[in-house]
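Here's the letter readout for the chains.
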Amino acid sequence: MVANIKRDHPYGEGGIESKSGTRQFRGGTKVYIGGCYAGTCDGVVCVGLHRKSRKFITCVVSVMHVENFRPKVAYHPEVVRQLKEDERCWFQTQEDAQNWAAAFPNWQEIWRPNKTSNMDEPTL
């Protein structure tokens, strides 16, 4: 499965500031998703070009920082090698990729901060 790192996402207290990409990936970077943490629905295992070194790396990225999920086959030899070597990468078939690509936007809704909550009110 393939996705892109979001170009801009809310950052800081209350989400007032905006950041481009993540610590590991530039905004817009194409990443290959090989697995996820299905129990918590908050992280995906990605292989993509590192922000600074421009070498392929494997790391876990918050599902909130990824967009445009689509099922595709990885052909780059380094990407294929990293996906095979990492035990967290378990997507094997086109059907797996299609099912998870449809599920990830729902996960983003689960983890989206509640826009209607008042940050000034204390929680009990």
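Structure: above.
Residues numbered from 1 in each chain as written. Predicted model: local features only at pLDDT ≥ 70, side-chain atom pairs only at ≥ 80, totals over all residues. Heavy atoms only, no water.

Q: Even after reading the chapter, I still don't get the side chain of threonine 29, so can you show me in this structure?
A: Inspection of the secondary structure assignment puts threonine 29 in the loop between strand 3 (17–19) and strand 4 (30–36). Looking at threonine 29, its side chain comes within polar contact range of the main-chain oxygen of arginine 26, at 2.8 Å. Discounting residues that sit within four places of it in the chain, threonine 29 has contacts with Ala3, Asn4, Ile5 and Leu49. (Helix = DSSP H or I, 4+ residues; strand = E, 2+ residues; numbered from the N terminus. Polar contact = N/O pair within 3.5 Å; in protein donor to acceptor, adjacent residues only side chain to side chain. Contact = heavy atoms within 4.5 Å.)

Q: Help me understand helix 1 (residues 77–85) in this model?
A: Along helix 1, the residues that are buried comprise Val79, Gln82 and Leu83. Angular distribution of buried residues about the axis of helix 1 spans 100 degrees; they occupy a single face of the element. Residues Pro77, Lys84 and Glu85 are exposed on helix 1 and point more than 90 degrees away from its buried face. On its buried face, helix 1 is in contact with strand 4, strand 5 (43–49) and strand 6 (56–62). (Buried < 20%, exposed > 50% of the residue type's maximum accessible area, 1.4 Å probe, protein only. Arc of directions from axis to C-beta.)

Q: Explanation requested: the pairing of strand 6 in the structure shown.
A: Two faces make up the sheet, and in a regular strand the side chains alternate between them. Pairing between strand 5 and strand 6: seven bridges, direction antiparallel. Counterpart to glycine 43 in the pairing with strand 6 is serine 62. Counting the residues in the hairpin turn of strand 5 and strand 6 gives six residues, including arginine 54, whose phi is positive at 60 degrees. (Pairing = 2+ DSSP bridges.)

Q: I'm lost on the pattern of salt bridges in this one. Help?
A: Pairing of side chains with opposite charge becomes possible as their charged atoms draw close. By the definition in use, this model includes three salt bridges. Residue glutamate 78 pairs with arginine 81 through a salt bridge whose shortest N-O separation is 2.5 Å. Taken as a pair, glutamate 78 and arginine 81 lie in helix 1 at a separation of three residues, close to a single helical turn. A salt bridge links aspartate 86 to arginine 88; the shortest N-O distance between them is 2.7 Å. You can call arginine 88 partly exposed: its relative accessible area is 29%. Three or more residues are tied together by salt bridges with common partners; here these are Glu78, Arg81 and Glu85. (Salt bridge = Lys/Arg side-chain N within 4 Å of Asp/Glu carboxyl O.)

Q: Just checking my understanding: could you explain unusual backbone geometry for this structure?
A: For residues besides glycine, phi is generally negative; the peptide bonds are generally trans as well. Residues other than glycine seldom take positive phi values, yet arginine 54 does so here, at roughly 60 degrees. Here arginine 54 shows up in the loop between strand 5 and strand 6. In this structure, asparagine 68 takes a positive phi of about 60 degrees despite not being glycine. Structurally, asparagine 68 can be placed in strand 7 (residues 66–70).

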